[in-house]
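Coordinate analysis (summary)
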2 protein chains.
Amino acid sequence: MGIPSDMELTELQHYVPLFSGCSPREWQGLEQIMAPQFVEAGEILFRQGEPCSAFYAVVHGMLKLRLEEPGIRRVVGFVQQGGTCGESAVFSGEGYAVTAVAVCDCELMAIPAFPFLRLTQRFPNLALRMLGWISQRYHAHLRNSTRLAMQNADQRVAAWLLHHAAPRAGALRVILPPRRIDLANLLCITPETLCRIMKRLRTQGLVSVEGDIVHVVKPEGLQAIIAGMRERPHPPETPPRDTTTPRISRA
Amino acid sequence: MGIPSDMELTELQHYVPLFSGCSPREWQGLEQIMAPQFVEAGEILFRQGEPCSAFYAVVHGMLKLRLEEPGIRRVVGFVQQGGTCGESAVFSGEGYAVTAVAVCDCELMAIPAFPFLRLTQRFPNLALRMLGWISQRYHAHLRNSTRLAMQNADQRVAAWLLHHAAPRAGALRVILPPRRIDLANLLCITPETLCRIMKRLRTQGLVSVEGDIVHVVKPEGLQAIIAGMRERPHPPETPPRDTTTPRISRA
């Protein structure tokens with residue numbers, strides 16, 4: 001890993017949705033303030049509650065976002081290539097809302113908070129696009145958390161796979177986080193339940209799995225599982241035991 | 001109800017957190033574009049998915065926000081005096097994220113979307129405060145939804161009461177929504193469970209209830225219930241039956 005070349009920076013602009021609408025002058029401003037940063041697997045990039053010094057775009061690798069409340073430690077999301085995290089903390093004045101941990105060696109681009117705030121004042125459209133981006137994230141989280149509260153375990157897994165499936169060479173594929181327990185924790189199911197459901201999806205020919213890559217073979221099959229909630233109501237799965245033990249669990 | 005007088009407009013600036021940081025020139029700009037609006041109990045102010053024409057501040061009354069997904073209709077929040085709704089839709093480009101319904105006759109202030117967007121371009125600080133406000137809302141929702149996924153029914157009720165308790169004449173009080181089923185739906189518990197828990201909180205002397213007003217007598221008692229999750233883990237309550245029935249339920 002090294003400092004991204006000019007070509008890689010241009011690519012970054014294209015695959016980070018937050019940056020793709022930038023004007024040449026806005027992008028020039030961003031290039032002047034951002035800096036590459038590397039974190040190793042297991043390393044904490046920032047901690048919930050810490051004052052926000054920067055937000056980050058993932059160039060290579062994967063981060064997990066973890067929320068810590070009294071007695072609770074729960075994975076609330078993963079950030080993969082092109083994704084960003086920490087940007088809402090630049091504006092909330094509340095510090096980081098979550099803790100970000102590298103789940104593998106990661107190459108990031110750090111965008112420091114104060115220089116970025118100054119940029120948004122120079123370029124009002126950058127602030128408006130940021131408003132759009134954070135609003136969309138908020139809406140997506142509103143929908144996801146409602147689904148989580150209402151869906152059964154099968155529906156949660158099917159919905160997560162479909163939501164994260166990106167087209168690649170004509171097929172839909174999803175990169176799984178290296179530790180299954182993190183995904184189980186995100187979906188509020190036990191790792192055993194996740195394993196059982198993934199096995200059933202493979203047996204039914206809806207997905208195929210190669211290491212950490214899940215190929216979605218029949219998206220309509222996953223869709224049918226999600227829609228099944230209309231016909232066959234289930235109570236939601238209880239959360240994994242490790243998140244409700246007396247001590248804060250390791251997620 | 002009538003058009004708010006100048007004095008009432010000034011008051012509005014003080015009790016709507018979103019407006020309280022406005023400079024005199026920003027407030028002047030806002031005053032020129034906003035307009036009073038009235039909705040009757042049961043009336044829909046805006047529907048999820050509709051293009052956003054305005055966002056709203058509640059001057060008197062209460063709105064409920066409802067999210068509709070395939071097979072799901074769930075209350076995700078209430079907006080009381082001083083609260084605002086719909087502002088993230090001004091920027092997301094996705095239409096309203098939720099449906100807003102008046103739970104009683106409401107007096108609102110409508111802030112139309114396009115004139116407001118123009119204001120944020122004239123006043124970059126207004127856009128930055130809006131970014132702060134929406135980011136805080138996003139963080140609060142992240143915390144609330146994680147608690148919901150992890151807490152038992154007693155903890156959810158205690159946390160909701162504490163979170164919404166506002167000091168008034170030296171005491172903490174919460175205004176309950178007129179229909180208890182809406183609050184039960186928000187907390188993903190049955191109305192019967194909500195009724196049973198409220199009765200127990202009264203018996204234990206932690207709260208007293210007068211009509212729609214709950215007085216929090218011993219906040220430390222509610223705090224202890226919430227903290228109890230460290231010692232006495234419970235699986236979360238199953239969602240109310242009426243939200244998982246084959247047909248979309250009436251929340």
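Everything below is about the structure printed above this text.
Observations concerning the sheet that holds strand β1 (residues 35–39) of chain A
Residues and elements named next belong to chain A. With antiparallel pairing, the four strands of this open sheet are ordered in space as β1-β8-β3-β6. Both outer strands of the open sheet, β1 and β6 (84–85), are each paired with one neighbouring strand and no more. Here six bridges tie strand β3 (residues 54–60) to strand β8 (residues 106–112), and the two strands are oriented antiparallel to one another. If you follow Phe 55 over to β8, its bridge partner there is Ile 111.

Observations concerning the side chain of Gln 155 of chain A
Turning to its location among the elements, Gln 155 of chain A is positioned in helix α7 (residues 153–164). Among the polar contacts made by the side chain of Gln 155 of chain A, one reaches the main-chain amide nitrogen of Asn 152 of chain A at a distance of 2.9 Å.

A look at the packing of helix α3 (residues 24–33) of chain A against helix α5 (residues 113–122) of chain A
Residues and elements named next belong to chain A. With their axes 10 Å apart at the nearest point, α3 and α5 run at an angle of 165 degrees to one another. Looking at the two axes, α3 sits roughly antiparallel to α5. The interaxial crossing formed by α3 with α5 has right-handed handedness. Contacts between α3 and α5 involve Gly 29, Leu 30 and Ile 33 from the former and Pro 115, Phe 116 and Leu 119 from the latter. Classifying every residue of the contact of α3 with α5 by side-chain character gives five nonpolar, one polar and no charged.

Things to note about the packing of aromatic side chains
Scanning all chains against the criterion turns up 13 aromatic pairs over all chains. An angle of 55 degrees between the planes, with centres 5.6 Å apart, marks the rings of Phe 19 of chain B and Trp 27 of chain B as tilted. Of the two residues, Phe 19 of chain B and Trp 27 of chain B, neither departs from the other in class, the shared state being buried. A network of ring pairs unites the aromatic residues Phe 46, Tyr 56 and Tyr 96 of chain A as a single cluster.

Here's the deal with the pattern of salt bridges
Scanning the model with the defined rule gives 16 salt bridges over all chains in all. Between Glu 68 of chain B and Arg 73 of chain B there is a salt bridge whose closest N-O contact spans 3.8 Å. One network of salt bridges, with partners in common, ties together Lys 64, Arg 179 and Asp 182 of chain A.

Looking at the environment of Trp 133 of chain B
All names here are of chain B. For Trp 133, the location among the structural elements is in helix α6 (residues 124–150). Trp 133 sits in the buried class, given a relative accessible area of 18%. Sequence separation between Trp 133 and Glu 87 is 46 residues; the distance between their C-alpha atoms is 9.5 Å. With near-sequence residues (within four places) excluded, Trp 133 lies in contact with Pro 17, Leu 18, Thr 84 and Glu 87.

What to know about the pairing of β8 of chain A
Residues and elements named next belong to chain A. Most of β8 sits out of view: six of its seven residues are buried. Bridge count for β1 against β8 is five bridges, and the pairing is antiparallel. Residue pairing across strands places Ala 35 opposite Ala 110, the latter belonging to β8.

Topic: the sheet that holds strand β6 (residues 84–85) of chain B
Residue and element names in this part refer to chain B. Across the sheet, four strands lie side by side as β1-β8-β3-β6; this open sheet has antiparallel pairing. If you trace the sheet from one side to the other, it starts and ends with β1 (35–39) and β6, each paired once. Sheet topology note: the strand β3 (residues 54–60)/β6 ladder contains two bridges and is antiparallel. Across the sheet, residue Ala 57 finds its bridge partner in β6, namely Thr 84. Set on the sheet, helix α5 (residues 113–122) makes contact with β3 and β8 (106–112); between it and β8 the angle comes to about 55 degrees.

With respect to helix α9 (residues 191–203) of chain A
Residues and elements named next belong to chain A. Over its 13 residues, α9 runs 18 Å from end to end, which matches the ideal 18 Å to within 8%, given 1.5 Å per residue. Buried residues belonging to α9 abut α7, α8 (180–186), β11 (207–210), β12 (213–216) and α10 (219–227). Backbone geometry just after α9 places Gly 205 at a positive phi near 75 degrees.

Here we look at the side chain of Thr 146 of chain A
Tracing the sequence through the fold places Thr 146 of chain A in helix α6 (residues 124–150). We classify Thr 146 of chain A as buried; its relative accessible area is 0%. In terms of polar contacts, Thr 146 of chain A uses its side chain to reach the backbone carbonyl oxygen of Leu 142 of chain A, at 3.2 Å. Residues contacting Thr 146 of chain A, with those up to four places away along its chain left out, are Leu 67, Ile 72, Arg 74 and Val 76 of chain B.

A closer look at the packing of α5 of chain A against α6 of chain B
Running from N to C, α5 of chain A and α6 of chain B cross one another at 130 degrees; their axes reach a closest spacing of 9 Å. Here α6 of chain B runs oblique to α5 of chain A, going by the angle between their axes. Both α5 of chain A and α6 of chain B take part in a crossing whose hand is right-handed. Each of Leu 117, Thr 120 and Gln 121 of chain A in α5 of chain A lies in contact with α6 of chain B, whose residues at this interface are Pro 124, Asn 125 and Leu 128 of chain B.

The rules behind each value
- Residues numbered from 1 in each chain as written.
- Chains lettered and ligands numbered in written order.
- Predicted model: local features only at pLDDT ≥ 70, side-chain atom pairs only at ≥ 80, totals over all residues.
- Heavy atoms only, no water.
- Pairing = 2+ DSSP bridges.
- Helix = DSSP H or I, 4+ residues; strand = E, 2+ residues; numbered from the N terminus.
- Polar contact = N/O pair within 3.5 Å; in protein donor to acceptor, adjacent residues only side chain to side chain.
- Axes fitted to C-alpha atoms, helices over the stretch in contact; angles between N-to-C directions.
- Parallel < 35°, antiparallel > 145°, perpendicular 65-115°, else oblique.
- Left-handed = near helix turned anticlockwise from the far one by under 90°.
- Contact = heavy atoms within 4.5 Å.
- Nonpolar A, V, L, I, M, F, W, Y, C, P; charged D, E, K, R; others polar.
- Phe/Tyr/Trp six-rings, centres within 6.5 Å; stacked < 30°, edge-to-face > 60°.
- Buried < 20%, exposed > 50% of the residue type's maximum accessible area, 1.4 Å probe, protein only.
- Salt bridge = Lys/Arg side-chain N within 4 Å of Asp/Glu carboxyl O.
- Expected span 1.5 Å × (residues − 1).

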